[in-house]
Amino acid sequence: MMRKIKISIISLLAIAFCSPLFSQENEITIDASKSLGEINPFVYGQFIEYMGRCIDGGIYEENSPLSDARGFRTDVLEKAKELAPTLLRFPGGTVIKTFHWEDGIGPKEQRKAKKNLIWGGINPYHFGTCEFIEYCRELNCEPVLVINISTGTPDEAANWVEYCNGTENTYYANLRRSHGYPEPFNVKYWALGNEEAAEPDAGRHQNPHKYVEDVWHFIKLMKLTDPSIKLIANGESGNKEWTKTALKGLDGAIDYISYHAYVGTNSPCPYSIFQKIQGQDTWMREFAEMVKATVPDTVQNWKKWYRFPHRTAPVKIALDEWGIWEQQEPPYGTTNTYEWRHGLATACFLNAILHNAEHIGMANWAQMVNILAPIMTNTQTSVKQTVFFPLKEYRIQSLKESVQAKAQSPIIEEGLQSINVSATIDRDKKQMTVNIVNINPQSLKTKLRFSGCKIGKLLKTTVMTATSLDAKNKLDTPDKNVVQTKYTNINKKIEEIKLQGESITICKFELSDI
Ligand code: AHR
């Protein structure tokens, strides 16, 4: 009798724990009725700077058998095209504090080679404004130019606008024409300095009121030169008060407020980078709330005498430098060799950007070649780093709008789930993509639940995996790619998916109705 009771208690417990009420089932839930905003195409940008071998020895190398007649490394250009940035920011970065654009125009032999006072080495400036614009045209992406407000003048910045965009019979428009470019470059996006509050970087604007006062002079002359340009003001990642003062002081005249976000690993905790990315997700939301609370969506009390139009849309965030910075090789620890763990982290960071789509107007991975980069070069060859692959696939596959996606999955360490997810939708095309990162070494069977839409067939999957979490692509084995990207046509309805361990999976669904 006693034995019988024992057995039934055990079976009851077994049934109870196996029932959905008790078992911790892995689950991804997507709610298409909860929009997280339109995704601005400019969130898939890149950044290049006169730093180390990003430009010289990276995208540009004169007299190399790998370069074309313009000095562009064709192997790098091919990879950059595949990376498909929508926007390219140039020429700094911190180096902007000593950059004078007129050093980088006209016949190359007459350009002024100068010491790179910020990062070391010499800048011959053979890759200057016109070469940058040609590079953007090759990549079919939008240029963003950063002006020097530290050692440059408002006049100098306005002349740069005129050189790029002038259409009349003026000295600077004619100068561009004389350099072989009859048509204006139409550079629409201009950044007002870079990290100007950072004193060690030769920034002169620790006091945000001084930033506002100085920058106004630049804005007036630049906007009077071309009233159609859009302006990006500096914000300070770690200093909301500095940012608020800049926002309030420049409201009406600026379209974007920037901040920069780099993450790395706290050794010996390999998952700490994922924790930091979760923190970034929250920070983006808080930063956006602060912007909204500081500057109203519509401009009030615009003074007529400014003689140029005010902004007509809410101020958006320009995350104009984001990426992964492990302290590795010079300069300043920025020659990074990325592991597959960093590839997974890149996808999680992209998920965070998509979660905040409503607020982010542009975002650039910093940088593109050799410095904290998806593409590495030496004089003989170039390779795609692990982070290249998620950057490329998200850019190609994400749809117009971000919608709410959540996961319930095993905890890796305190506060960190195995699964990180985002979802995008195109309501006209009736398609949805679900971007799933599984940082768990184990494969995970996961339920997929959808609401706010009628989900149709899973059309295809893209699965990115690597030989191990610390696998790297290296310049000394350029033909070996540790990352495998597998595209599979599925064409059937599913309710559950098996995610490979340490993988990124992009699922493309059709919607039968929304
Ligand atoms: O991307 C490297 C440097 O990091 C940039 O020059 C600067 O803006 C940032 O601090």
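As shown above, the structure is provided for reference.
In short, a report on the structure. Bear in mind that the values here come from a model prediction, so they are computed numbers and not experimental data.

Parameters and conventions
- All residue numbers here refer to positions counted from 1 along the written sequence of the relevant chain.
- Local features in this predicted model are restricted to residues of pLDDT 70 or higher, and side-chain atom pairs are both shown and tallied only at a pLDDT of 80 or more, whereas totals for entire chains, interfaces and linings draw on every residue.
- Only hydrogens and water are set aside; all other atoms, that is, all heavy atoms of the structure, feed into the side-chain values.
- A pair of strands is considered paired only if DSSP assigns at least 2 bridges between the two.
- Numbering goes from the N terminus for both helices and strands, where a helix is a DSSP run of H or I of at least four residues and a strand is a run of E of at least two.
- Any pair of residues with heavy atoms lying within 4.5 Å of one another is described as a contacting pair.
- In this text, buried Ala, Val, Leu, Ile, Met, Phe, Trp, Tyr and Cys residues form a nonpolar core when linked through side-chain atoms within 4.5 Å.
- Summary of the burial criterion: residues with accessible area below 20% of their type's maximum are buried, those above 50% are exposed, and those between are partly exposed, where the area comes from a 1.4 Å probe applied to protein chains only.
- Stacked, tilted and edge-to-face pairs are distinguished by plane angle, under 30 degrees for stacked and over 60 for edge-to-face with tilted covering the rest, among Phe, Tyr and Trp rings (Trp via its six-membered ring) whose centres lie within 6.5 Å.
- Placement of a positive charge over a ring is assigned whenever Lys NZ or Arg CZ falls within 6 Å of the ring centre and within 35 degrees of the normal to the ring plane.
- All axes here are fitted lines through C-alpha atoms, helices being fitted over the stretch that makes contact, and every angle between N-to-C directions spans 0 to 180 degrees.
- Crossing handedness follows the turn of the near helix against the far one: under a right angle anticlockwise gives a left-handed crossing, and clockwise gives a right-handed one.
- Each residue is assigned to one of three groups, with Ala, Val, Leu, Ile, Met, Phe, Trp, Tyr, Cys and Pro labelled nonpolar, Asp, Glu, Lys and Arg labelled charged, and all others, Gly among them, labelled polar.
- What counts as a salt bridge is simple: a side-chain nitrogen of Lys or Arg found within 4 Å of a carboxyl oxygen of Asp or Glu.
- The near set for a molecule or strand comprises every residue that places at least one heavy atom within 4 Å of it.
- Polar contacts, as counted here, are pairs of nitrogen or oxygen atoms within 3.5 Å of one another; within protein the pair requires one atom able to donate a hydrogen and one able to accept it, and residues that are adjacent in sequence qualify only if both atoms are side-chain atoms.
- Here the Shrake-Rupley method, with its probe set to 1.4 Å, supplies the accessible areas, and only the displayed protein chains count as covering residues.
- To estimate how far a helix should extend, the number of its residues minus one is multiplied by 1.5 Å.
- In these notes the angle categories are as follows: under 35 degrees is roughly parallel, over 145 is roughly antiparallel, 65 to 115 is roughly perpendicular, and the rest is oblique.

### Focus: the pairing of strand β14 (residues 401-408)
No. 1: As judged from the eight bridges shared by strand β1 (residues 27-38) and β14, these two strands associate in the antiparallel manner. Note that in β14 the partner of Ser35 across the bridge is Val403.

### Some details on the environment of Pro441
No. 1: Mapped onto the fold, Pro441 is located in the loop between β18 (431-438) and β19 (444-451).
No. 2: Excluding anything up to four places from it in sequence, Pro441 contacts Tyr271, Gly501 and Glu502.

### Comments concerning the nonpolar core
No. 1: The biggest cluster of nonpolar side chains holds 131 residues, and the ones touching the most others in it are Tyr135 and Trp190.
No. 2: Ranked by residues supplied to this core, first place goes to helix α9 (residues 340-355) with 10 residues.
No. 3: When sequence neighbours within four positions are dropped, the list of residues in contact with Trp190 reads Leu145, Ile147, Trp160, Val161, Cys164, Asn165, Met222, Ile229, Lys230, Leu231 and Ile232.
No. 4: One finds Ala407, Ala423, Met432 and Leu444 within the second-largest nonpolar core, a separate group that totals 25 residues.

### Brief notes about the packing of aromatic side chains
No. 1: With the rule as written, the count across this model stands at 38 aromatic pairs.
No. 2: Relative to Phe127, the ring of Phe90 has its centre 5.8 Å away and its plane inclined at 75°; by these criteria the two rings are edge-to-face. Of this pair, Phe90 sits in strand β3 (residues 87-90) while Phe127 sits in the loop between β5 (122-123) and α3 (129-139), placing them 37 residues apart in sequence. Each member of the pair, Phe90 as well as Phe127, carries the same accessibility label: buried.
No. 3: Between the NZ or CZ atom of Arg89 and the centre of the ring of Phe47, over which it lies, the distance is 4.6 Å.

### Overview of the packing of helix α7 (residues 240-250) against helix α8 (residues 272-294)
No. 1: One can describe the packing of α7 onto α8 by two numbers: an axis separation of 10 Å at closest approach and a directional angle of 40°. Once α7 is placed against α8, the crossing between them reads as right-handed. Between α7, through Lys240, Thr243, Lys244, Leu247 and Lys248, and α8, the contact on the second element is made entirely by Trp283, Glu286, Phe287, Met290, Val291 and Thr294.
No. 2: Class assignment of the residues belonging to the contact of α7 with α8 gives a composition of five nonpolar, two polar and four charged.

### A short note on the pattern of salt bridges
No. 1: Here the structure, examined in full by the defined rule, presents 25 salt bridges.
No. 2: Notably, a salt bridge pairs Arg70 with Glu134, separated by 3.3 Å at the nearest N-O pair. Note that Arg70 is positioned in the loop between β2 (45-47) and α2 (74-83) and Glu134 in helix α3, a separation of 64 residues in sequence.
No. 3: On the accessibility criterion, Arg70 (29% relative accessible area) is partly exposed.
No. 4: Asp251 is the salt-bridge partner of Arg311, the closest N and O atoms lying 2.6 Å from each other.

### Points about the pairing of strand β22 (residues 496-499)
No. 1: Of the two faces of β22, the one holding Ile497 and Leu499 is buried and the one holding Glu496 and Lys498 is not buried anywhere.
No. 2: Both β19 and β22 contribute to a ladder of four bridges, which runs antiparallel. Bridge pairing links Leu444 to Leu499 in β22.

### Considering the sheet that holds strand β7 (residues 189-192)
No. 1: Reading around the barrel, the eight strands line up as β2-β3-β6-β7-β8-β9-β10-β11 and close back on themselves, with parallel pairing between neighbours. With direction set aside, neighbouring strand axes in the sheet form an average angle of 30°.
No. 2: Summarising the sheet, β2 and β3 pair through two bridges and their orientation is parallel. Within β3, the position partnered with Phe47 by the bridge is Arg89.

### A look at the site of the ligand
No. 1: Taken together, 13 residues lie near the ligand, and Glu49, Thr94, Glu195, Tyr262 and Glu321 sit nearest.
No. 2: Take Thr94: an N or O atom from its main chain is 2.9 Å from an oxygen atom of the ligand.
No. 3: A distance of 2.8 Å separates an oxygen atom of the ligand from a polar side-chain atom of Glu321.
No. 4: Protein coverage of the free-state accessible area of the ligand, which is 290 Å², stands at 94%.
No. 5: In the shell around the ligand, the residues fall into five nonpolar, five polar and three charged.

### Examining helix α6 (residues 208-225)
No. 1: With 18 residues, α6 should reach 26 Å at 1.5 Å per residue; the first-to-last C-alpha distance of 25 Å fits that figure.
No. 2: All buried positions along α6 are accounted for by Pro208, Tyr211, Val212, Asp214, Val215, Trp216, Phe218, Ile219, Met222 and Lys223.
No. 3: At its buried positions, α6 is contacted by β6 (142-147), α4 (154-165), β7, β8 (230-234) and α7.
No. 4: Of the residues flanking the start of α6, the one acting as N-cap is Asn207, its side-chain oxygen 2.8 Å from the backbone nitrogen of His209.

### Topic: the packing of α2 against α3
A pair of packed helices is characterised by two quantities: the angle between their axes and the separation of those axes.
No. 1: Contact geometry of α2 with α3 gives a least axis separation of 9 Å together with a crossing angle of 55°. Put simply, α2 runs oblique to α3. Only Tyr135, Glu138 and Leu139 of α3 make contact with α2, whose side of the interface consists of Val76, Leu77, Ala80 and Lys81.
No. 2: When the residues that make up the contact of α2 with α3 are grouped by side-chain class, the tally is five nonpolar, no polar and two charged.

### Side note on the side chain of Thr243
No. 1: Along the chain, Thr243 falls in helix α7.
No. 2: Among the residues examined, Thr243 registers a relative accessible area of 0% and is labelled buried.
No. 3: Side-chain polar atoms of Thr243 contact the backbone oxygen of Asn239, separated by 2.9 Å.

### So, the side chain of Gln46
No. 1: Relative to the helices and strands, Gln46 resides in strand β2.
No. 2: For Gln46, a relative accessible area of 0% puts it in the buried group.
No. 3: Within the local environment of Gln46, its side chain forms a polar contact with the backbone oxygen of Trp365, the two atoms lying 3.3 Å apart.

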